[in-house]
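Spelled out from the first residue to the last, the chains are:
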Amino acid sequence: MSEEKSVEEYRLNADEELRFEVEANASVQMELLEGMAEVFGSELTKGKVYNFDQGSKVAVFTWHGCLIKLQGRTEVAYVAKETPMVMYINTHAALEQMREKAESDNTRGPRVMVVGPTDVGKSTLTRLLCNYAARLGRAPLFVDLDVGQGQVSIPGTIGSVVVERPADVEEGFHLNAPLVFHYGHTAPSTNPQLYKLIVSRMAEVTNLKCEKQRKVSISGVVINTGGWIKGGGYDSLKHAAGSFEVDVIIVLDQERLYNELKRDMPEFVKVILLPKSGGVVERNQHQRSDARDSRIREYFYGVKINGKDSFFPHPMDIPFSSVKLYKIGAPALPDACLPLGMKSQDNKLKLVPIRPGINILHHVFSVSSAASVEDNVIESNTLGHVVISGLDTEKETFNILSPSQNPLPNDILLILDLQFMDIEI
Ligand code: ATP
């Protein structure tokens, strides 16, 4: 691996795309020299240098032609002539027509859910649709139900945010007052009952938001989902579609799923099949886990700009007694061991207290907004996240990493399956 930074220029014709991946332990600076171009629907500013960190997979698309400069070490960089962008923008245009109709008929705008197997570009398409809507002055609600990656908050949660302006090219969506619910695991299959419950709750809150904010209601909802589409996964997709009362389902790259949904969805739901982009990069388990780690790191430290962190998290010591730790879901018991009338499934929604101990070290926790344990903790939103990075059993104190130096906003903490070690990467 050479240390020196290579500089390359790429001339793109109309409807072409420059795709590149940043090498490990490297960064790439990109500049638009001529013409106009966009990254996943966010327009580039000519002459501005954009920085992408290791592992970033980027596509720069142009509708009219452009000249791009890349400086740094890329794993791959090539210009693609074939992209599904025309089909994607036509889909956006159809959604925009539905918004105009909602405006004139005084009804609500489109609610669209993007589904498909893993690595077909679901997150990218939802970002594109939100960006195109925001560029027209709309303010759609972006809902991320993918607990495996999580664009609104960290993995292991579901979240939503109103998209009032296009995502930042380097940092993604502006996370102004996001609404987040704790789930605790990175796969919906770990606790499908809890997953469905929080999805229903998110849908309820979405309806309330749309009732209050006419602009959001007209702009509609764009929902991203995870790649679990078989068996229980299919069931949870149908449940999400029903909860949000979606009007449109976009299936990326899987005819079987498209046919199943066409068969099972009510008449008024339009199910559309769209191809995936050849640029979408497949990730193995290891890369997915790395992506989750960097997402959590980003939550605490922000996106690296010119190699420097943009946030400064705060380690602090707090007494054991100042917080109450819980896990949602107890191990299933055989029905015979349960009180009459109770099913083992009910355990999955139970709040189980956790004793401070070495087994919770480095775990990420959600800070619940519930006023007390008697409150509906499971369906209460999350105020933020902390990591228990150390504990002293003699002094009975935890050392926690928090994004803010203020005292914790609440004392009920819910454990996630995810761990975070605060080491420099
Ligand atoms: P998952 O099911 O794991 O959430 P997904 O279907 O949502 O995956 P994305 O996250 O949208 O897929 O895309 C996977 C990766 O491919 C991302 O890193 C994204 O930046 C990259 N990518 C998407 N489209 C392109 C493209 N046209 N060119 C290059 N890279 C792309």
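What you see is a predicted model; the values in this text were computed from it and never measured.

1. Overview of the sheet that holds strand S1 (residues 7-12)
- Pairing in this open sheet of four strands is antiparallel, and the strands run S1-S8-S3-S6 from one edge to the other. At either end of the open sheet lies a strand with only one pairing partner, and these are S1 and strand S6 (49-53). Taken over all neighbouring pairs, the strand axes of this sheet differ in orientation by 25° on average, direction set aside.
- With seven bridges joining them, strand S3 (residues 27-35) and strand S8 (residues 66-72) adopt antiparallel strand pairing. Counterpart to Leu32 in the pairing with S8 is Ile68.

2. Section: the sheet that holds strand S10 (residues 111-115)
- An order of S13-S12-S11-S14-S10-S15-S16 is seen for the seven strands of this open sheet, with the pairing classed as mixed. Among the strands making up the open sheet, the edge pair consists of strand S13 (179-182) and strand S16 (270-274). Looking at each pair of strands side by side, their axes are set apart by 15° on average, direction ignored.
- Note: S10 against strand S15 (residues 248-252), four bridges, orientation parallel. The residue of S15 that forms the bridge with Val114 is Ile250.
- Each of S10, S15 and S16 touches helix H6 (residues 255-264); the most contacted strand, S16, lies at about 175° to it.

3. Re the UniProt feature "domain: Clp1 P-loop" (unreviewed entry) in the protein chain
- The residues that UniProt annotates with the feature "domain: Clp1 P-loop" (unreviewed entry) are residues 116-302.
- Regarding residues 116-302, the helix share stands at 43% and the strand share at 15%, and the terminal C-alpha atoms are separated by 29 Å.

4. Examining unusual backbone geometry
- With phi around 65°, Asp15 is a residue other than glycine that occupies positive phi space.
- Here Asp15 lies in the loop between S1 and strand S2 (16-22).
- Residue Asp15 is classed as partly exposed on the basis of its relative accessible area of 34%.
- The phi dihedral of Asn106 falls on the positive side, at around 60°, and the residue is not glycine.
- Note that Asn106 resides in the loop between helix H1 (85-105) and S10.

5. Notes on the nonpolar core
- Residues Met113, Leu145, Ile158, Phe244, Ile249 and Leu261 are the most contacted members of the largest nonpolar core, which totals 45 residues.
- Ranked by the residues each element gives to this core, the list is headed by helix H3 (residues 192-212), at eight residues.
- Phe244 has contacts with Arg108, Arg111, Val143, Leu145, Val199, Met202, Ala203, Thr206 and Ile223, leaving out every residue within four places of it along the chain.

6. Some remarks on the packing of aromatic side chains
- This structure, assessed with the given rule, holds seven aromatic pairs.
- When the ring of Tyr183 is compared with that of Tyr195, the centres are 5.7 Å apart and the planes differ by 75°; the resulting orientation is edge-to-face. You can see Tyr183 sitting in the loop between S13 and H3 and its partner Tyr195 sitting in helix H3, a full 12 residues away along the chain.
- Since its relative accessible area comes to 1%, Tyr183 is described here as buried.
- According to the relative accessible area criterion, Tyr195 is buried, its value standing at 7%.
- Ring centres of Phe320 and Phe398 lie 4.5 Å apart, and the angle between their planes is 45°; on these two criteria the pair is classed as tilted. You can see Phe320 sitting in the loop between strand S17 (314-319) and strand S18 (324-328) and its partner Phe398 sitting in strand S22 (residues 397-402), a full 78 residues away along the chain. Of the two residues, Phe320 and Phe398, both sit in the buried class.

7. A few points about the side chain of Ser243
- If you trace the backbone, Ser243 turns up in helix H5 (residues 232-244).
- A distance of 2.8 Å separates a polar side-chain atom of Ser243 from the backbone oxygen of His239.
- Excluding residues that lie within four positions of it along the chain, Ser243 makes contacts with Ser200 and Ala203.

8. Regarding the site of the ligand
- Close contacts around the ligand come from 20 residues, with Lys57, Lys122, Ser123, Thr124 and Arg288 the closest.
- Between the ligand and Lys57, the relevant distance is 2.9 Å, taken from an oxygen atom to a main-chain nitrogen or oxygen of the residue.
- Separating an oxygen atom of the ligand from a side-chain N or O atom of Arg283 is a distance of 3.0 Å.
- Protein coverage of the free-state accessible area of the ligand, which is 630 Å², stands at 91%.

9. A closer look at the packing of H3 against H5
- In contact at an axis separation of 9 Å, H3 and H5 are set at 20° when each is read in the N-to-C sense. Here H3 is positioned roughly parallel relative to H5, judged by the angle of their axes. Crossing handedness for the pair H3 and H5: right-handed. Across from Tyr195, Lys196, Val199, Ser200, Met202, Ala203 and Thr206 in H3, the residues of H5 making contact are Asp235, Ser236, His239, Ala240, Ser243 and Phe244.
- Counted by class, the contact of H3 with H5 contains six nonpolar, five polar and two charged residues.

Here is what the cut-offs are and how they apply
Residues numbered from 1 in each chain as written. Predicted model: local features only at pLDDT ≥ 70, side-chain atom pairs only at ≥ 80, totals over all residues. Heavy atoms only, no water. Pairing = 2+ DSSP bridges. Helix = DSSP H or I, 4+ residues; strand = E, 2+ residues; numbered from the N terminus. Axes fitted to C-alpha atoms, helices over the stretch in contact; angles between N-to-C directions. Contact = heavy atoms within 4.5 Å. UniProt positions renumbered as here; feature names shortened; annotations may be inferred. Buried < 20%, exposed > 50% of the residue type's maximum accessible area, 1.4 Å probe, protein only. Core = buried A, V, L, I, M, F, W, Y, C linked by side-chain atoms within 4.5 Å. Phe/Tyr/Trp six-rings, centres within 6.5 Å; stacked < 30°, edge-to-face > 60°. Polar contact = N/O pair within 3.5 Å; in protein donor to acceptor, adjacent residues only side chain to side chain. Near = heavy atom within 4 Å. Areas by Shrake-Rupley, 256 points an atom, 1.4 Å probe, with all protein chains shown as cover. Parallel < 35°, antiparallel > 145°, perpendicular 65-115°, else oblique. Left-handed = near helix turned anticlockwise from the far one by under 90°. Nonpolar A, V, L, I, M, F, W, Y, C, P; charged D, E, K, R; others polar.

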